[in-house]
Amino acid sequence: MELSKYIREFELCVKCSFCQEDPITHLPICPEAERFGFESYRPSGLMELARALAHRNIGLSEGLAKRFYSCLTCGACDKLCYSLTGKRPLNLFLETRRVLVKSGFGPMPGQLEATVNVLSTSNPYGKPKDQRFKWVKEAIPNKAEIVYFAGCTPSYYFPEQAQSTLKVLKAAGIKFAIMPNERCCGYTTIMTGQDDAAMDIVTGNVKYIKETGAKTLLTSCAMCYKIFNQDYFKLAGEKMDFEVTHTSLFFNDLVNENKLKLKKPISETITYHDPCNLGRLNNVYDEPRNLIEQIPKTQLVEMERNRGSAWCCGAGGGVKFAFPDFANWTAIERLKEAQSTGAKLLVSACPECELNFMDSLKTIDKKIKIQDVNQILAMSL
Ligand code: SF4
Ligand code: SF4
């Protein structure tokens, strides 16, 4: 089994549990451990299961697959373990998912369906392909050095977010294009270890991006950003001759260069949720906060767990497709934390987080508005 090459790394887990608690607030940090409780759902338990698999002391099973696919790939355990031991448990969990797929125990049915949808309709939701660009209300070029990749969730669920991003780009005088062949970045397929389908998606997208003449691919989705700037570089290698950036970085530079002016006040108390794929997995913490604070009259208040200690929204790692109840529970925990700050508006920089928060908000008696950072930027122009 391919896991045997990682035996030493699995054995270096000393079961210290440092990865399960935020060292500053002493609050839980791993949603999977917190939700399911048993050791086999904790990062240290996953390490032990993978070690036993690598040694062939146990075999693959559906129950074992469920434990690895309940990981949100939020990176909290990874960051903490790395700071203590220099080890990266998340990479090992993703390798185990690959083995599960190759052996027919993965992915989970909902994640497989998402991939089948991407390959047939270009989006994981199975929405009609010809409705992807319904949010576009004006002529936008198909070739430019800067290309805006809207992503599936804004295209189908949050057209107002994609339109807000266009409004901000235009206000700053940026010449940009959109990709006529845009299709899903492949986040769920890649993160669930479906390597063959992932290569198909990556190869197609890189070809389409190159056809636009892009030097910079711009996305407002934290998951797309993580996948393009980390996984695509690993999978497509030198063919990636364009850079990838998130709109919060791009717009923050424009504000600092005085090319983007945020003038209209928004008298709102705002709390910011760090998307795992932008924060912990990409170290982008300050820029979205700077943008919020540049808007006149906003007041930014922090949640107890913030920045590198943020609690996941619940949507990552393909969990929303496989275990919607667990995704929902994780989001509700975060919504309660957001509301306890007194903020009336929860802002994030990832449409996947926002979609999961909105879906979960409908199931509880809590009132807080949820918006993307680009929406409030567009309101302040
Ligand atoms: S912090 Fe690392 S070594 Fe400690 S229990 Fe977690 S995975 Fe194992
Ligand atoms: S990546 Fe997140 S959900 Fe997965 S085991 Fe680590 S802390 Fe838990």
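In this text the structure is predicted, and so the values were computed from the model without any measurement.

## Focus on helix 7 (residues 109-121)
Working step 1: With 13 residues, helix 7 ought to run about 18 Å at 1.5 Å a step, and its terminal C-alpha atoms sit 18 Å apart, in line with that.
Working step 2: Among the residues making up helix 7, those that are buried are Q111, L112, A114, T115 and V118. When helix 7 is viewed along its axis, its buried side chains cluster within an angular range of 155° and face the same direction. When the buried face of helix 7 is taken as reference, the exposed residues oriented beyond 90 degrees from it are P109 and S120.
Working step 3: For helix 7, the secondary structure elements touched by its buried residues are helix 10 (187-191), helix 11 (195-211) and helix 15 (319-322).

## So, the site of ligand 1
Working step 1: The immediate surroundings of ligand 1 are formed by 17 residues, with C13, C16, C19, S44 and C81 found nearest.
Working step 2: Elements represented by at least two residues in the shell around ligand 1 include exactly helix 3 (43-54) and helix 5 (76-85).
Working step 3: Top contributing element to the shell around ligand 1 by residue count: helix 5, with five residues.
Working step 4: Partitioned by chemical class, the residues of the shell around ligand 1 number 12 nonpolar, three polar and two charged.

## So, the domain arrangement of the chain
Working step 1: Domain assignment breaks the chain into domain 1 (2-102), domain 2 (112-253) and domain 3 (260-379).
Working step 2: Using only C-alpha atoms to locate each centre, domain 2 and domain 3 end up separated by 21 Å.
Working step 3: Listed per partner, the contact involves 29 residues of domain 2 and 25 residues of domain 3.
Working step 4: Broken down by secondary-structure element, the contributors of at least two residues to the side of domain 2 that touches domain 3 are helix 8 (152-156), helix 9 (159-171), helix 10, helix 12 (222-236) and helix 13 (247-256).
Working step 5: Here the element with the most residues in the side of domain 2 that touches domain 3 is helix 9; it accounts for seven residues.
Working step 6: Per-class residue counts for the side of domain 2 that touches domain 3 are 14 nonpolar, 12 polar and three charged.

## Notes on the sheet that holds strand 4 (residues 243-246)
Working step 1: In spatial order, the strands read 2-1-3-4; together these four strands make up an open sheet with parallel pairing. With partners counted over all chains shown, the strands left at the sheet margins are strand 2 (177-178) and strand 4, one partner each.
Working step 2: By the bridge criterion, four bridges tie strand 1 (residues 146-149) to strand 3 (residues 216-219) in an arrangement that is parallel. If you follow I146 over to strand 3, its bridge partner there is T216.

## Some words on the pairing of strand 8 (residues 369-372)
Working step 1: Side chains of strand 8 alternate between two faces, with I370 and D372 buried and K369 and Q371 left unburied.
Working step 2: The sheet contact formed by strand 7 (residues 345-348) and strand 8 spans four bridges and is parallel. Bridging from a neighbouring strand, L346 pairs with I370 of strand 8.
Working step 3: For the segment spanning strand 7, helix 17 (residues 351-361) and strand 8, crossover handedness is right-handed.

Rules used in this analysis
Residues numbered from 1 in each chain as written. Chains lettered and ligands numbered in written order. Predicted model: local features only at pLDDT ≥ 70, side-chain atom pairs only at ≥ 80, totals over all residues. Helix = DSSP H or I, 4+ residues; strand = E, 2+ residues; numbered from the N terminus. Expected span 1.5 Å × (residues − 1). Buried ≥ 20, exposed ≤ 12 C-beta atoms within 10 Å, placed from the backbone. Arc of directions from axis to C-beta. Contact = placed C-beta atoms within 7 Å. Near = placed C-beta within 6 Å. Nonpolar A, V, L, I, M, F, W, Y, C, P; charged D, E, K, R; others polar. Domains from an automatic or database assignment. Pairing = 2+ DSSP bridges. Right-handed = clockwise from strand over helix to strand, strands pointing away.

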